[in-house]
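# Coordinate inspection notes
Residues per chain are reported as follows:
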Amino acid sequence: MRVVAKFGGTSLGSGDRIERAADSVANAVAAGHEIAVVASAMGSTTDDLLDDITFETDDADRAEIVSMGERTSVRMLKAALSVRDVEAVFLEPGHPDWPVVTNELGEVDVEETKKRARKIAAEMDGVVPIITGFLAEDHDGNVTTLGRGGSDTTAVMLGNYMDADEVVIVTDVEGVMTGDPRVVEGARNVGRITVDELRNLSFRGAEVVAPSALSYKDEELAVRVVHYQHGDLLRGGTRIEGEFESLIDMREEPLACLTIAGRAIRNRSGILSQLANALREEDINIDAVASGMDSVTFYVDVDRAETAEALLHEAVVDDETLSSVTVADPIAVIRVTGGELPNQSGVIQEIIAPLADAGINIIDLITSATSVAVFVDWDDREDALEIVQGRFD
């Protein structure tokens, strides 16, 4: 196999850990695999360097300074592999074979980076390229960076462009966990997780794989997250499956909107569970939920609206802090999903402004890390869909 292995800062945080990393690479090479390495700065080097920049400096000098962490790591790994009789070469900005190039906007120059990555892949026979993560170079040869989590981005991007079979993210966690083991007891490894699931978790605080990296994963490229203590690049950890799909989809069947009003409802512990369980008892699926200071709204299939209203009315009557339940239907929902949505500033405005200009009232707007759901009157659905599609075409 051709594997791109990314070693995070913790996995390179000491001499012993660098030796462990070198052993895992050497073992994979001895087994006949082609290995390319992406290295982060050792430990907290990057953060330490940034903290030490207490003076005014421009972006170019700042990038040069923080690059020293990754530049040190690749040299350490190269030396460790050499004593294991593994031929290796380190690549950093300024090297004639450096692969990651950015344009005048600071964005990755995809075509140039692909061309250079493929050249590295073609010359890997018996040689392990060790590439500085996080760093890039513009067309004038200046050092630039890929932002926070940039080493993950480097690894998955190069894995894609080098036609690798797998990208392995070596870090200090046992892959993706069912919960934060520092907080909850009994957290265990998740063997498989989809890109969409992980992207949502990543944007909500799960520090496993940088969200920007996942945009480069396609269906053919396998990505795994493993713990550095395993010492085996080819087994274990969590496998990340699938790829992001940018999609604009309108639900074929109409929804009903049921709103329950109550005093300071958002401060009531367990109120959502109480109301949702009332619907669950009659097997009524909830398509979406929205909440406000004094209300909760459930969207359900329109043909279950009457039953849902009756159930929720019973809950209102039994709870003196709840005031009333109302129903509005039929309602359409248009969902926009895509891995790059969180990176597009103003994307919400770009969706809703054209709808407002067309006189289409937005009943509700619900967002997640990778999706936007727009609820409109059923009679406006076709016009709304055409407008939203036009925004992304």
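For the structure itself, consult the block above.
This section reports on the structure supplied with the text. Worth saying up front: this structure is predicted, and the values here are computed from it rather than measured.

## A look at the packing of aromatic side chains
According to the stated counting rule, one finds two aromatic pairs in the structure shown. Pairing Tyr161 with Tyr216 gives two aromatic rings, centres 6.2 Å apart and planes at 85 degrees, and the pair type is edge-to-face. Separated by 55 residues along the polypeptide, Tyr161 in helix α5 (residues 150-161) and Tyr216 in the loop between α7 (211-214) and β10 (222-227) bring together distant segments of the chain. Note on Tyr161: relative accessible area 6%, which makes it buried. Both rings, one in Tyr299 and one in Phe375, keep their centres 4.1 Å apart while their planes meet at 20 degrees; by these two values the pair is stacked. With Tyr299 in strand β15 (residues 295-301) and Phe375 in strand β18 (residues 371-377), this residue pair connects regions lying 76 residues apart in the sequence. Neither residue differs from the other here; Tyr299 and Phe375 are each classed as buried.

## Focus: the sheet that holds strand β7 (residues 143-145)
Here we have three strands laid out as an open sheet, ordered β4-β6-β7, and mixed in their pairing. Each end of this open sheet is capped by a strand with a single partner; those strands are β4 (101-102) and β7. The pairing of strand β6 (residues 135-138) with β7 spans three bridges and is classified as antiparallel. Residue pairing in the sheet places Ala136 in a bridge with Thr144 of β7. The strands that helix α3 (residues 59-82) touches are β6 and β7; relative to β7, the one it contacts most, it runs at about 75 degrees.

## Concerning the sheet that holds strand β8 (residues 166-171)
The strand order across the open sheet built from eight strands is β3-β5-β2-β1-β8-β10-β11-β9, with neighbouring strands paired in mixed fashion. In the strand order of this sheet, the two ends are held by β3 (88-91) and β9 (192-194), each with one partner. With direction set aside, neighbouring strand axes in the sheet form an average angle of 20 degrees. Bridging between β8 and β10 involves six bridges; their strand directions are parallel. Residue Val168 lies in a different strand from β10, and its bridge partner there is Arg224.

## Here's the deal with empty space enclosed by the protein
Counting across every chain of the model gives one cavity of 30 Å³ or more. Quantified by volume, the largest cavity comes out at close to 80 Å³. What lines the largest cavity is a set of 13 residues, among which Phe7, Ser24, Val170, Tyr228 and Gly231 lie closest to the centre. If you list the elements that add at least two residues to the lining of the largest cavity, you get α1 (15-30) and β10.

The rules behind these values
What you see as residue numbers is a count from 1 along each chain, following the sequence as written. Local features in this predicted model are restricted to residues whose pLDDT is 70 or higher, and side-chain atom pairs enter the listing and the counts only when it is 80 or higher, whereas totals over whole chains, interfaces and linings include all residues. Working from all heavy atoms in the structure, the side-chain values ignore hydrogens and water. To pair, rings of Phe, Tyr and Trp, with the six-membered ring standing in for Trp, must have centres within 6.5 Å; the planes then decide the type, stacked if under 30 degrees apart, edge-to-face if over 60, and tilted in the middle. Only DSSP runs of H or I with at least four residues qualify as helices, and only runs of E with at least two residues qualify as strands; both kinds are numbered from the N terminus onward. Partly exposed residues are those whose accessible area sits between 20% and 50% of the maximum for their type, while under 20% is buried and over 50% is exposed, using a 1.4 Å probe and protein chains only. Strand pairing is assigned whenever DSSP detects at least two bridges linking the two strands. Contact between two residues is taken to exist if any of their heavy atoms lie within 4.5 Å; hydrogens are not considered. Angles shown run from 0 to 180 degrees and are taken between the N-to-C directions of axes, each axis being a line fitted to C-alpha atoms and, for helices, limited to the stretch in contact. We place a 1 Å grid over just the protein atoms. Points where a 1.4 Å probe fits but has no way out form a cavity, open points with protein on both sides within 12 Å along at least 5 of 7 lines form a pocket, and any residue with an atom within 4 Å of a point lines it. Grid points are joined across faces, edges and corners, and a volume is the space filled by probe spheres set on the points.

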